[in-house]
Number of protein chains: 2
Amino acid sequence: MVVSERMDRANAVQIFGLDGIPEVRPGDDVVELIVGALRASEAKLQSGDVLVVTHKVVSKAEGRLVNLNDVEPSPFAYQLAAVTNRDPRHYEVILRESARIVRMDRGLIISETRHGFVCANAGVDASNVDGANVVCLQPLDPDASARRIREGLQARLDVSVGVIITDSFGRTWRNGVVNVAIGLSGLPPFADYRGQHDPNGYELRASVLAIADELASAAELVMGKLARRPVAIIRGFWWEGEPGTARDLIMDRERDLFR
Amino acid sequence: MVVSERMDRANAVQIFGLDGIPEVRPGDDVVELIVGALRASEAKLQSGDVLVVTHKVVSKAEGRLVNLNDVEPSPFAYQLAAVTNRDPRHYEVILRESARIVRMDRGLIISETRHGFVCANAGVDASNVDGANVVCLQPLDPDASARRIREGLQARLDVSVGVIITDSFGRTWRNGVVNVAIGLSGLPPFADYRGQHDPNGYELRASVLAIADELASAAELVMGKLARRPVAIIRGFWWEGEPGTARDLIMDRERDLFR
């Protein structure tokens, strides 16, 4: 979260989608899958690259899958399902993943996850999951997952990269979803320009760029939703300052006007 | 807003920052400045590129600057200024740019602009503006500004590009700002996967990616805040479907749970 002038030197960034990641199963080693896909596509990871990984492959590898046949819906889940045409068991999983419900209307649930992220359905998602009755949860500790991937790549390939784990979040007031960082390791979440002066001598006061989220969004440009391309490599982005976590991106309760 | 499979073919995207845009003055022709900067840096724009432009250069060229010495604060602006240490004239400009105030607390104003965007301070900003008492407003009609730039580049360089005009917006629940699209021309705001099936046969229901916002965020990775690099070129991103506007990104009142 330290001041970044170095970012201003990056004037060319490349983003590659990594092909060849297979359908991930519980117990798979994400690092091995990435190393294998890099080798198969003759791509090389370089120190300073940012590796962006869709949370779904991490969640699957970590076994964060729920078979709805094993879920007994609560009366409240049945009530919610009566409003829409959705599966009460799906609602039950969403409720269990929610630390707090921020808004609920017309069957739509915006909740705070145990990590503190606020998103639709507590991050529970049925797409790109193998099995008709299976839903996918966010990783238990996405920052720790990112760190393990970073350390694993360092050990296997002798490269020092930043790792971002992403999910697609809707936004207030704007249509559509964007990719954001829910796990982070090896790079700072922000470029903090506060206290620096613009070329006209004006002291910047509110300029804290959420670069981890911008990198996450940039990566989606090569990922697509149907292409089984859950990993992207961003090259040429300069950062400096203390590495942080995606939890740093969560707004403090005291500052939050929309709790 | 049409289905996009083509995006899944983009597996390498490049982002260049365009150097050599001078300090922009009211009356300047943004297209001429971009053409000049391209020539000076021996860069070529290609059909299919996405040109991303910080709104500030557009606003300045369009004369959307206010000298605070010409502003008479209202009693309400004085009241707000008493809470913080900010200039009551600055608050007055924010109030005049606000169609509606969504939240107001501790001197922070989240308002809806006349375009319908919800953002801090109604988009009024004092940074990167020439002159100590001058603040910059958003363009009057950023979609029209984007269209003029696109048409101007088509006429001058015979290229067909997408154009995005950006601003930095804070987000609910997350720290830091990200670049988003406030003006758009020549490309769709969304990649809409609804109704398509993932590799496991699951029908996607909520997958509408706000690609215009993700492109805006990606562009900031090469822009920086201090580098006078207000224009970026994104190459290799595939899109298809009807071009749209940034207004399409604004959530309908009926769907909005956070008005």
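These numbers were taken from a predicted model, which means no experiment stands behind them.

## A few points about the interface of chain B and chain A
Every contact between the two is made by 64 residues of chain B and, on the other side, 64 residues of chain A. Looking at the side of chain B that touches chain A element by element, the count peaks at eight residues for helix α6 (residues 211-223) of chain B. For strand β1 (residues 12-18) of chain A and strand β1 (residues 12-18) of chain B, the ladder comprises five bridges, and the chain directions are antiparallel. Across the sheet, V13 of chain A pairs through a bridge with I15 of chain B, a residue of β1 of chain B.

## Quick word on the sheet that holds strand β4 (residues 98-105) of chain A
Within a sheet, neighbouring strands are paired by backbone hydrogen bonds and run either parallel or antiparallel to one another. All names here are of chain A. With respect to topology, three strands assemble into an open sheet ordered β4-β5-β6, the strand pairing being antiparallel. Edge strands, defined here as strands with exactly one partner in the open sheet, are β4 and β6 (118-120). Across the sheet, the mean angle separating the axes of adjacent strands is 30° when strand polarity is ignored. Examined bridge by bridge, β4 and strand β5 (residues 108-113) share six bridges and lie antiparallel to one another.

## Examining the relation of the copies chain B and chain A
When chain B is fitted to chain A, the best match, at an RMSD of 0.0 Å, comes from turning it 180° and sliding it 0.0 Å along the axis. Interpreted geometrically, this transformation is the action of a two-fold axis. In this assembly the copies share their binding face: 100% of the residues contributing to the interface of chain B also contribute to that of chain A.

## Here's the deal with the environment of G123 of chain A
All names here are of chain A. Relative to the assigned elements, G123 resides in the loop between β6 and β7 (134-136). What makes G123 buried here is the crowd of 26 C-beta atoms within 10 Å. With 29 residues separating them in the primary sequence, G123 and I94 have C-alpha atoms 7.8 Å apart.

## Re the domain arrangement of chain A
A common way to report how large an interface is uses the accessible area buried once the components associate. Residues and elements named next belong to chain A. The assigned domain composition of chain A is domain 1 (6-63 + 138-253) and domain 2 (65-135). Inter-centroid distance (C-alpha atoms) of domain 1 to domain 2 is 26 Å. At the interface, 13 residues of domain 1 touch ten residues of domain 2. Of all the secondary-structure elements, those providing two or more residues to the side of domain 1 that touches domain 2 are α2 (55-61) and β8 (162-171). When grouped by side-chain class, the residues that make up the side of domain 1 that touches domain 2 number five nonpolar, three polar and five charged.

## Notes on the sheet that holds strand β4 (residues 98-105) of chain B
All names here are of chain B. What the three strands build is an open sheet, ordered β4-β5-β6; its pairing is antiparallel. Of all strands in the sheet, those bounded by a partner on one side alone are β4 and β6 (118-120). Averaged over all adjacent pairs, the angle separating strand axes in this sheet is 30°, with direction ignored. Of the pairings in the sheet, the one linking strand β5 (residues 108-113) to β6 comprises three bridges and is antiparallel in character. Residue pairing in the sheet places S111 in a bridge with C119 of β6.

## Overview of helix α5 (residues 142-157) of chain A
Residue and element names in this part refer to chain A. Its 16 residues give α5 an end-to-end C-alpha distance of 22 Å, which sits within 8% of 22 Å, the value for a rise of 1.5 Å per residue. Those residues of α5 not exposed but buried are P142, D143, S145, A146, I149, R150 and L153. One side of α5 carries all its buried residues, which in axial view fall inside an arc of 165°. In this structure, the buried residues of α5 make contact with α1 (30-40), β2 (50-54), α2, β8 and β9 (174-185). Following α5 by one or two positions, D158 adopts a phi angle in the positive range, close to 55°.

Definitions and limits used
- Residues numbered from 1 in each chain as written.
- Chains lettered and ligands numbered in written order.
- Predicted model: local features only at pLDDT ≥ 70, side-chain atom pairs only at ≥ 80, totals over all residues.
- Contact = placed C-beta atoms within 7 Å.
- Helix = DSSP H or I, 4+ residues; strand = E, 2+ residues; numbered from the N terminus.
- Pairing = 2+ DSSP bridges.
- Axes fitted to C-alpha atoms, helices over the stretch in contact; angles between N-to-C directions.
- Least-squares fit on C-alpha atoms with pLDDT ≥ 70 in both.
- Buried ≥ 20, exposed ≤ 12 C-beta atoms within 10 Å, placed from the backbone.
- Domains from an automatic or database assignment.
- Nonpolar A, V, L, I, M, F, W, Y, C, P; charged D, E, K, R; others polar.
- Expected span 1.5 Å × (residues − 1).
- Arc of directions from axis to C-beta.

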